[in-house]
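A look at the structure
Here is how the chains run, residue by residue.
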Amino acid sequence: MTNNKDALPRSTDVLVLGYGPVGAALCALLGRYGVTTLVVNKVAEVLLAPRAIALDNEALRVLQMAGLGEDAFDRIAIPEVKMHCRYLGEFGRANTAGTLDGHPKLVTFYQPDLERALRRQVGAYPNVTFRHGYELVDLSQSDTGVTAHLKDREGHRHEVCASYLVGADGASSTVRGLIGQAFQGETYPEDWLIVDAKAREGKAIDHVEFLCDSARPTPHMPAPGGRERWEFMLQPGETHEEMERPEKVAELLAPWIAPEDLVVERKAVYRFHARCCGAFQQGRVFLAGDAAHITPPFVGQGLVAGLRDVANLGWKLAWVVKDRAAPALLDSYDKERRPHAKKMIGLAKLMGSLVMPRSRFKAITVHGAMRLGRLVPLLRRQLEELEIKPPNRFRQGFLIKGRGRKGVTRGATLAQGLVRHDGQIRPSDDVLGDHLTLIGFGVDPREALDDATQARWEAHGGAFLQIGLRGQQPVNDTPLRRGPLGLPGQRPLPGHPGGLPPGPRHPPRRPGPRRGAHRRGVLIGTHSCLKRSRLLKTLMMKDSQY
């Protein structure tokens, strides 16, 4: 990545506005895909105030895809989430122990550490340029690109021409305003005091707890570096200034920390929002992260949703910019991401109603019903095993009509497992790499294709991979990976590096892969050999995913 001493580039393939965690993750992906990218931010430094604090296995998998290893930033695996009622005791619990797709189900982290790790990763790519001290004042679009009008600290105007522009500039997004996208949703009437304390090594709790008191709800959780966070809802009549006074903070934290041991790293009053744009795209301009949607913090999905956005958008931008897919591929971003983002906002609002009951009667009634519901296995699994969480599954978008088969869900994520590769056991996402891959589970994927189709597939960057049972031996030159991945039907499935399976609807023009992959290892279709062959031809008319 080039530094800020050079002049502002006049043109780029992708212009990213905002260099927080979402913008940095997108730049890491575009850097990895070889896309010429310019990222612009008002300030140079990472904000030291911790904000987001939780990531799930899906977010960690996206960060893996962006190039961050397990030791890139500190995290704490959370074994469980408990919900307590002032009148009934513990009424709910979520089991977050263990892993999914090779990553912990839930971790807490320190946001500045994550942002630094992402920026270090971006810094390894010469095709990504970062410039600070600029802000967007206007933009215009044409059939061939976007012209961004920027202003520097001295008030001088600059123009940058880009093929595409992504607004990752946060909840007060300038990009969103310039394309006329208003936030739809609501703002919670209550304010919350967020307190982050330090020097809590060996004293902080090891799980997340919600103290669901109608008088003062309080989420509470640990974080790396000996940190611990509390969130206190303000009561009617309490002011920001009053709540942020050191003596008030000490009073609130007295049940956990003696005043003489209290070391406050940060305290601030926030108001939570539940909002989503009517569209994440207008022409060649896209919105990602808080610029597109804001999720209340009750399920820890705010930053996670933004990482899902860039994972979906990054590979599509790369394939279109590199002329491997038609621009129509980008229209699937909004169709695939917005419905799921809205569902996660809905789940967060539901959780919020449990965390902050409006009265003693509601607390006893709702929390009592949930406590009784734990006696019913189906209801118990919904919360305790996180089955209530909406799956990141596409119903519309870059998909081909069809039906799934046992072990494979159309439009959902292709599981990541461990496979043997070059004498080592590695995560399957890493083995699949950054290109589209036609995967055969228990069969050679080349068998369904004629020579001409195979040649076209490979000419457009496609690869072949056979996932076999442990002990299975290769019978030809098709790469064979043996491991504990299940065999969901012994037919070839087109996949893309990353992990999600969809499949296209409107074939992009000219050769290139097909729609519907999503992350490293995504499925692109689960159809008959004839339909799969047609799918590959569509793909080779342009495509990829994740």
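**Let's talk about the overall build of the chain**
Secondary structure assignment for the chain yields 13 helices and 29 strands. Looking at the chain as a whole, 56% of its 546 residues qualify as buried. Sequence separation of at least 24 residues holds for 72% of the intrachain contacts in the chain that already meet a minimum separation of 6. Here the chain displays about 22,100 Å² of accessible surface, and carbon together with sulfur accounts for 51% of that area.

**Concerning helix α2 (residues 57-65)**
For α2, the tally of buried residues reaches nine of nine residues, placing the bulk of the element in the interior. Three or more residues of α2 are buried, namely N57, E58, A59, L60, R61, V62, L63, Q64 and M65. Looking one or two residues beyond α2, the residue adopting positive phi is G67, at roughly 105°.

**Points about the pairing of strand β12 (residues 146-152)**
A regular strand places its side chains so that they alternate between the two faces of the sheet. In terms of burial, β12 is a largely internal element, five of the seven residues being buried. Here seven bridges tie strand β11 (residues 134-141) to β12, and the two strands are oriented antiparallel to one another. Its bridge partner being in β12, Q141 is matched across the sheet by V146. The turn joining β11 and β12, which pair antiparallel and follow one another in sequence, is formed by four residues. Note that β12 and strand β13 (residues 157-167) share six bridges and pair antiparallel. Following the sheet pairing, T147 is matched in β13 by C161. Count of turn residues in the β12/β13 antiparallel hairpin: four residues, of which G155 carries a positive phi of about 90°.

**Let's talk about a nonpolar patch on the surface**
A contiguous nonpolar patch, built from L372, L375, V376, L378 and L379 and spanning about 520 Å² of accessible area, is present on the exposed surface. Residue position: L378 is located in helix α10 (residues 377-384).

**Describing the packing of aromatic side chains**
By the definition in use, this model includes twelve aromatic pairs. Geometrically, the ring pair formed by W192 and F298 is edge-to-face, given 5.9 Å between the ring centres and 65° between the ring planes. In this pair, W192 is assigned in strand β14 (residues 183-197) and F298 in the loop between β21 (293-294) and α7 (302-321), connecting sequence segments 106 residues apart. On the basis of relative accessible area, F298 is assigned to the buried category, the value being 3%.

**As for the sheet that holds strand β4 (residues 75-77)**
The strands making up a sheet associate through backbone hydrogen bonding, with each pair oriented either parallel or antiparallel. Within the open sheet, the three strands sit side by side as β3-β9-β4. Their pairing is antiparallel. Looking along the sheet, the strands with just one partner apiece sit at the ends: β3 (54-56) and β4. The average angle at which neighbouring strand axes cross in this sheet is 30°, direction not considered. In the packing of α7 onto the sheet, the strands contacted are β3 and β9 (106-109), and the crossing angle to β3 comes to about 45°.

**A word on the side chain of Q281**
Tracing the chain through its elements places Q281 in strand β19 (residues 281-282). On the accessibility criterion, Q281 (16% relative accessible area) is buried. Within the structure, the side chain of Q281 is placed 2.9 Å from the backbone oxygen of G283, a separation counted as a polar contact. Beyond its immediate stretch of four places on either side in the chain, Q281 contacts F286, L330 and D331.

**Focus: the nonpolar core**
It is characteristic of soluble globular proteins that their nonpolar side chains tend to be buried jointly. Membership of the largest hydrophobic core comes to 111 residues, with the highest contact counts inside it found for L55 and F73. Take this core: its biggest share by element is eleven residues, from α7. Look past the residues within four positions of F73 in its chain and what remains in contact with it is L55, L60, L63, L68, F109, D113, L114 and A117. Ranked by size, the runner-up nonpolar core spans 14 residues in total, among them L193, A197, V249 and L252.

**Digging into the environment of P104**
Note on placement: P104 falls in strand β8 (residues 103-104). It is 8.1 Å that separates the C-alpha atoms of P104 and I78, two residues lying 26 residues apart in sequence. Among residues more than four places away in sequence, those in contact with P104 are D56, N57, L60, A77, G98 and T99.

**What about the sheet that holds strand β17 (residues 227-233)?**
With respect to topology, eight strands assemble into an open sheet ordered β6-β5-β15-β16-β17-β14-β18-β21, the strand pairing being mixed. In this open sheet, the two edge strands, each paired with only one partner strand, are β6 (89-95) and β21. As paired elements, strand β5 (residues 80-85) and strand β15 (residues 208-212) share five bridges and run parallel to each other. Bridge assignment links V81 to a residue of β15, and that residue is V208. Its contacts with the sheet place helix α8 (residues 332-355) against β5, β14, β15, β16 (218-223), β18 (264-277) and β21, and it is angled at close to 125° to β18. Sheet strands in contact with helix α9 (residues 360-373) are β5, β6 and β15, and its direction is about 50° off that of β6.

**Some points on unusual backbone geometry**
Phi at D101 takes a positive value of approximately 55°, unusual for a residue other than glycine. Examined against the element boundaries, D101 turns out to sit in the loop between β7 (99-100) and β8. Residue classification places D101 among the partly exposed residues on the basis of a relative accessible area of 22%. Positive phi, close to 65°, is recorded for L386, a residue that is not glycine. Mapped onto the elements, L386 comes out in the loop between α10 and β22 (418-421).

**Some thoughts on the packing of helix α1 (residues 21-32) against α7**
The N-to-C vectors of α1 and α7 enclose an angle of 30°; their axes lie 9 Å apart at closest approach. Considering their axes alone, α1 and α7 lie roughly parallel with respect to each other. Regarding α1 and α7, the two cross each other, and that crossing is right-handed. Judged by residue contacts, P21, V22, A25, L26, L29 and L30 of α1 engage L303, G306, L307, V310, A311, G314 and L317 from α7. Of the residues assigned to the contact of α1 with α7, the class counts are eleven nonpolar, two polar and no charged.

The rules behind each value
Residues numbered from 1 in each chain as written. Predicted model: local features only at pLDDT ≥ 70, side-chain atom pairs only at ≥ 80, totals over all residues. Heavy atoms only, no water. Helix = DSSP H or I, 4+ residues; strand = E, 2+ residues; numbered from the N terminus. Buried < 20%, exposed > 50% of the residue type's maximum accessible area, 1.4 Å probe, protein only. Contact = heavy atoms within 4.5 Å. Areas by Shrake-Rupley, 256 points an atom, 1.4 Å probe, with all protein chains shown as cover. Pairing = 2+ DSSP bridges. Patch = residues over 30% accessible without salt bridge, like charges linked within 9 Å, V, L, I, M, F, W, Y side chains within 5 Å. Salt bridge = Lys/Arg side-chain N within 4 Å of Asp/Glu carboxyl O. Phe/Tyr/Trp six-rings, centres within 6.5 Å; stacked < 30°, edge-to-face > 60°. Axes fitted to C-alpha atoms, helices over the stretch in contact; angles between N-to-C directions. Polar contact = N/O pair within 3.5 Å; in protein donor to acceptor, adjacent residues only side chain to side chain. Core = buried A, V, L, I, M, F, W, Y, C linked by side-chain atoms within 4.5 Å. Parallel < 35°, antiparallel > 145°, perpendicular 65-115°, else oblique. Left-handed = near helix turned anticlockwise from the far one by under 90°. Nonpolar A, V, L, I, M, F, W, Y, C, P; charged D, E, K, R; others polar.

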